[in-house]
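Topology and contacts: notes
Below are the chains, spelled out letter by letter.
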Amino acid sequence: MSGPAKFKKNVKISERHGAKEWALERVCLLLLMPLGLWVGWVAFSLTGASHAMVMDWFASPVNAVLLAATAIIFSTFAALAWKVIVEDYVHTPGAKGLSLFLVNLFFFALAAASVFFIVRLALGSAPLPAGIGA
């Protein structure tokens, strides 16, 4: 157990709370900078390309892995950013917990769907069954 709470100017000081999240945010941001430039360059270079050229681009394992990593890192970064927003502006404990759960669920679903469709494109899979995604 820790000792008595510490205060500075009548504000409780958290000991090491949030340091890991702050560091993870910074690592994600550092990784997203070059990946974001790469995604921008790819989008520019594939503009106007034929369907076959785009499918060939996705078929490259390096491209597929980098794109999936970008989606996962972006989702992690965005979830952490929204967590801070919710913690700062939602003060009711029940609403805060529900909001954090929904934010995490949304960004997890976004990352999972992104990776799913990137893998489908990389493997050259057939389109989804009729009625799904229509």
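We now turn to the structure provided with this report.

On a plain count of helices and strands, the protein comes out with four helices and two strands. Traced from its N-terminal end to its C-terminal end, the protein shows the element sequence β-β-α-α-α-α. Within the protein, counting contacts between residues at least 6 apart in sequence, those at least 24 apart form 65% of the total. Within the structure as shown, the protein displays about 9900 Å² of accessible surface, and the carbon and sulfur contribution to it stands at 73%.

What follows is about the side chain of Thr 70. Mapped onto the fold, Thr 70 is located in helix α3 (residues 61-89). Judged by relative accessible area, which is 11%, Thr 70 ranks as buried. Those residues within four positions of Thr 70 in sequence are excluded, and the remaining contacts are Leu 32, Leu 35, Trp 38 and Val 39.

The full count for this structure, using the stated rule, is four aromatic pairs. Arranged with centres 5.0 Å apart and planes meeting at 80°, the rings of Phe 106 and Phe 107 form a pair that is edge-to-face. By relative accessible area, Phe 107 is classed as buried at 9%.

A few words now on the environment of Lys 83. By secondary structure assignment, the location of Lys 83 is in helix α3. Lys 83 sits in the buried class, given a relative accessible area of 18%. For the pair Lys 83 and Leu 100, spaced 17 residues apart in sequence, the C-alpha to C-alpha distance is 6.3 Å. Excluding its chain neighbours within four sequence positions, the residues that come into contact with Lys 83 are Glu 21 and Leu 100. At a separation of 2.5 Å, a polar atom in the side chain of Lys 83 contacts the side chain of Glu 87.

With that settled, the discussion passes to the packing of helix α1 (residues 19-46) against α3. Axis angle and axis distance: for two packed helices, these are the angle between their axes and the distance between the axes, and together they describe the pair. Contact geometry of α1 with α3 gives a least axis separation of 9 Å together with a crossing angle of 140°. For the element pair α1 / α3, the angle class is oblique. When you trace α1 past α3, the crossing you get is left-handed. Here Glu 21, Leu 24, Glu 25, Cys 28, Leu 29, Leu 31, Leu 32, Leu 35, Trp 38 and Val 39 of α1 come into contact with α3, specifically with Asn 63, Leu 66, Leu 67, Thr 70, Ile 73, Phe 74, Thr 76, Phe 77, Leu 80, Ala 81, Lys 83 and Val 84. Split by residue class, the contact of α1 with α3 holds 16 nonpolar, three polar and three charged.

A separate point is the pattern of salt bridges. Pairing between side chains of opposite charge can happen when their charged atoms approach one another. By the definition in use, this model includes three salt bridges. Within the structure, one salt-bridge network assembled from shared partners comprises Glu 21, Lys 83 and Glu 87.

Let us look at the side chain of Asn 63. With respect to the secondary-structure elements, Asn 63 resides in helix α3. Relative accessible area serves as the criterion here: at 13%, Asn 63 is assigned to the buried category. Not counting residues within four places of it along the chain, the set of residues in contact with Asn 63 comprises Trp 38 and Trp 57.

Turning next to the nonpolar core. Core analysis: the largest hydrophobic core is formed by eight residues, namely Trp 38, Val 42, Trp 57, Phe 58, Ala 64, Leu 67, Ala 68 and Ile 118. Going through the elements one at a time, α1, α2 (51-59) and α3 are the ones with two or more residues in this core. Among all residues touching Phe 58, those that are not within four sequence positions of it are Ala 64, Leu 67, Leu 121 and Ala 122. Counting six residues, the second largest nonpolar core, distinct from the first, contains Val 86, Leu 100, Val 103 and Phe 107.

What counts, and at which threshold
- Residues numbered from 1 in each chain as written.
- Predicted model: local features only at pLDDT ≥ 70, side-chain atom pairs only at ≥ 80, totals over all residues.
- Heavy atoms only, no water.
- Helix = DSSP H or I, 4+ residues; strand = E, 2+ residues; numbered from the N terminus.
- Contact = heavy atoms within 4.5 Å.
- Areas by Shrake-Rupley, 256 points an atom, 1.4 Å probe, with all protein chains shown as cover.
- Buried < 20%, exposed > 50% of the residue type's maximum accessible area, 1.4 Å probe, protein only.
- Phe/Tyr/Trp six-rings, centres within 6.5 Å; stacked < 30°, edge-to-face > 60°.
- Polar contact = N/O pair within 3.5 Å; in protein donor to acceptor, adjacent residues only side chain to side chain.
- Axes fitted to C-alpha atoms, helices over the stretch in contact; angles between N-to-C directions.
- Parallel < 35°, antiparallel > 145°, perpendicular 65-115°, else oblique.
- Left-handed = near helix turned anticlockwise from the far one by under 90°.
- Nonpolar A, V, L, I, M, F, W, Y, C, P; charged D, E, K, R; others polar.
- Salt bridge = Lys/Arg side-chain N within 4 Å of Asp/Glu carboxyl O.
- Core = buried A, V, L, I, M, F, W, Y, C linked by side-chain atoms within 4.5 Å.

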